[in-house]
Amino acid sequence: MGVALITPFKEDESVDYEALMRLIDFQLQNGTDFLCVLGTTAETPTLTNEERRKIKELAVQRVNGRIPILLGISSNCTQTVVNTLKDEDLTGVDAVLVAVPYYNKPSQEGIYQHYKAIANATKLPVVLYNVPGRTGVNMTAETTLRIARDFENVIAIKEASGNITQMDDIIKNKPERFDVISGDDGITFPLITLGAVGVISVIGNAFPREFSRMTRLALAGDYANALAIHHRFTELFKLLFVDGNPAGVKAMLSAMGFIKNKLRLPLVPTRITTFEKIRQILEELNIKC
């Protein structure tokens, strides 16, 4: 279980680096297998270049090699990603996560050429990220498999298309060295039963110990106990995204006392009704609020 790390903000909306370090410590102490830094959940589009650089550097320093760091480097300009890979100091970064280009709506050939340029620009392992709900275009199973077969350093895909048939097609036909990772907490359990190897999780920000245990149980074939944990969090899965991500998990972490419930525009906190439902479920789960 990897965690898509949030970016905490203070009341004045500046980055709360101290809270970020506490969250990283919480992950290190509670079974998280790797951190995904500067992904979608980090509100990366609203961060300045200097803030992104500092978050990356602080995360690398705090983790200090104890678990891998997967760094989000995405753009709808291929050359921007290539330049970042060539020019930025990526010491301490173990792999990069690169989303399908958003807004431009490239063809499948355009998507392939995007990842070809990226794979050829770095020796770091590359994880593809297919999230058509955000990018506006779906990378088909055929394109994913073509990329996986052609580039040795493309090692996995974070699949968040919501299309189980497509994911199963990738799992069934992929090279052995290529992995499929769930991009949605709610379908992690069923996707592992099909052959996925884990998840890049949002809810893991708040429940790393419990959700990593669910993932490990499922991977070990202990489906009964894994399913029990999955069902324990079913209602929270829905609340996490009803008002957008990361509004739900930030409300959750705020109720648990980890962070201020602050986001940067154009994102806003959850509705009061959602926040109260989250608080109620946390109390039912015996989580201190």
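Residues numbered from 1 in each chain as written. Predicted model: local features only at pLDDT ≥ 70, side-chain atom pairs only at ≥ 80, totals over all residues. Heavy atoms only, no water.

## Some thoughts on the pattern of salt bridges
Tallying each qualifying case throughout the model produces eleven salt bridges. Note that R216 is salt-bridged to D33, the shortest N-O span being 2.9 Å. Highlighted residues: R216 in helix α9 (residues 208–219) and D33 in the loop between α1 (17–29) and β2 (34–37), separated in sequence by 183 residues. Salt-bridge contacts for K250 lead to E43; the nearest nitrogen and oxygen are separated by 2.6 Å. With K250 in helix α12 (residues 247–255) and E43 in the loop between β2 and α2 (49–63), the pair connects residues that are 207 residues apart, well separated along the chain. For K250, a relative accessible area of 0% translates into the label buried. (Salt bridge = Lys/Arg side-chain N within 4 Å of Asp/Glu carboxyl O. Helix = DSSP H or I, 4+ residues; strand = E, 2+ residues; numbered from the N terminus. Buried < 20%, exposed > 50% of the residue type's maximum accessible area, 1.4 Å probe, protein only.)

## Observations concerning helix α6 (residues 141–150)
Restricting attention to buried positions, one finds in α6 the residues A141, T143, T144, L145, I147 and A148. Along its buried surface, α6 packs onto α4 (108–121), β5 (126–130), β6 (154–159) and α7 (164–173). (Contact = heavy atoms within 4.5 Å.)

## Comments concerning helix α3 (residues 78–87)
Since the α-helix advances by 3.6 residues per turn, residues separated by three or four positions end up pointing in the same direction. Those residues of α3 lying buried are V81, V82 and L85. All buried residues of α3 lie within an arc of 100° about the axis, which places them on one face of the element. (Arc of directions from axis to C-beta.)

## Digging into the pairing of β5
For β5, the tally of buried residues reaches five of five residues, placing the bulk of the element in the interior. Neither face of β5 is open: one carries V126, L128 and N130, the other V127 and Y129, and all of them are buried. Pairing analysis gives four bridges linking strand β4 (residues 95–99) to β5, with the strands arranged parallel. Residue pairing in the sheet places V96 in a bridge with V126 of β5. Since β4 and β5 lie parallel, the crossover through α4 that links them has a hand, and here it is right-handed. Looking at chain direction, β5 and β6 are connected through five bridges and run parallel. Within β6, the residue paired with V127 across the bridge is A156. (Pairing = 2+ DSSP bridges. Right-handed = clockwise from strand over helix to strand, strands pointing away.)

## Quick notes on the side chain of E51
When you line up the elements, E51 lands in helix α2. E51 gets classed as buried once you look at its relative accessible area, which sits at 13%. Within the local environment of E51, its side chain forms a polar contact with the backbone nitrogen of T48, the two atoms lying 2.9 Å apart. (Polar contact = N/O pair within 3.5 Å; in protein donor to acceptor, adjacent residues only side chain to side chain.)

The quantities given are spatial measurements derived from coordinates; they are silent on function.
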